[in-house]
Amino acid sequence: MKKYQLGEFEEIVMLTVGILYGEAYGISIKKEIETRLDRNVSVGALQTALKRLEDKGYLQSHSGESTQERAGRPKRYFEITAYGKEALSFTRDTRNKLWDSIPKIALDLKFN
């Protein structure tokens, strides 16, 4: 079980890489998360998460073409690996099982 554990931010990054399929690089991932979740993301936190996910084997990256806009530096594109897909599926299944196990009465709360 432990081998597929994803932190909350890692899961968000992985899902965003999937959403941006083929166009997932640092800034595009950052912007997508901020737009969809109305949440600020620091570049440092994102880069740390991307590195950690690559180290876990959940993501892989490759360099794109260099551009004048980036002073000749290429963008680094990310994609989900087969192992990463398994981790996401495991995470989703685990969450669904937990949600399905909550008795209805436990969530039948009303604001006064």
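Residues numbered from 1 in each chain as written. Predicted model: local features only at pLDDT ≥ 70, side-chain atom pairs only at ≥ 80, totals over all residues. Heavy atoms only, no water.

Engineer: For this particular structure, what's the right way to read the overall build of the protein?
Structural biologist: When helices and strands are counted, the protein shows four helices and two strands. Sequence-ordered secondary structure for the protein, helices as α and strands as β, is α-α-α-β-β-α. In terms of overall size, the protein is more extended than a compact globule, its C-alpha atoms giving a radius of gyration of 17 Å where 112 residues would be expected to give roughly 13 Å. A total of 112 residues make up the protein; the buried ones form 31% of that total. (Helix = DSSP H or I, 4+ residues; strand = E, 2+ residues; numbered from the N terminus. Rg over C-alpha atoms; globule rule 2.2 N^0.38 Å. Buried < 20%, exposed > 50% of the residue type's maximum accessible area, 1.4 Å probe, protein only.)

Engineer: Before we go on, may I ask you to explain the side chain of threonine 91 in this structure?
Structural biologist: Counting through the fold element by element, threonine 91 comes out in helix α4 (residues 82-101). Every residue in contact with threonine 91, bar those within four places of it in the chain, is listed here: Tyr4, Leu6 and Glu11. (Contact = heavy atoms within 4.5 Å.)

Engineer: Please clarify how the nonpolar core should be interpreted in this entry.
Structural biologist: Core analysis: the largest hydrophobic core is formed by 21 residues, its most contacted members being Val13 and Ile29. Looking at this core, the elements that each hand over two or more residues are α1 (8-19), α2 (26-37), α3 (43-56) and α4. It is α1 that contributes the most residues to this core, five residues altogether. Once you skip the residues sitting within four places of it in the chain, isoleucine 29 turns out to touch Thr16, Val17, Leu20, Ala24, Leu46, Leu50 and Phe78. (Core = buried A, V, L, I, M, F, W, Y, C linked by side-chain atoms within 4.5 Å.)

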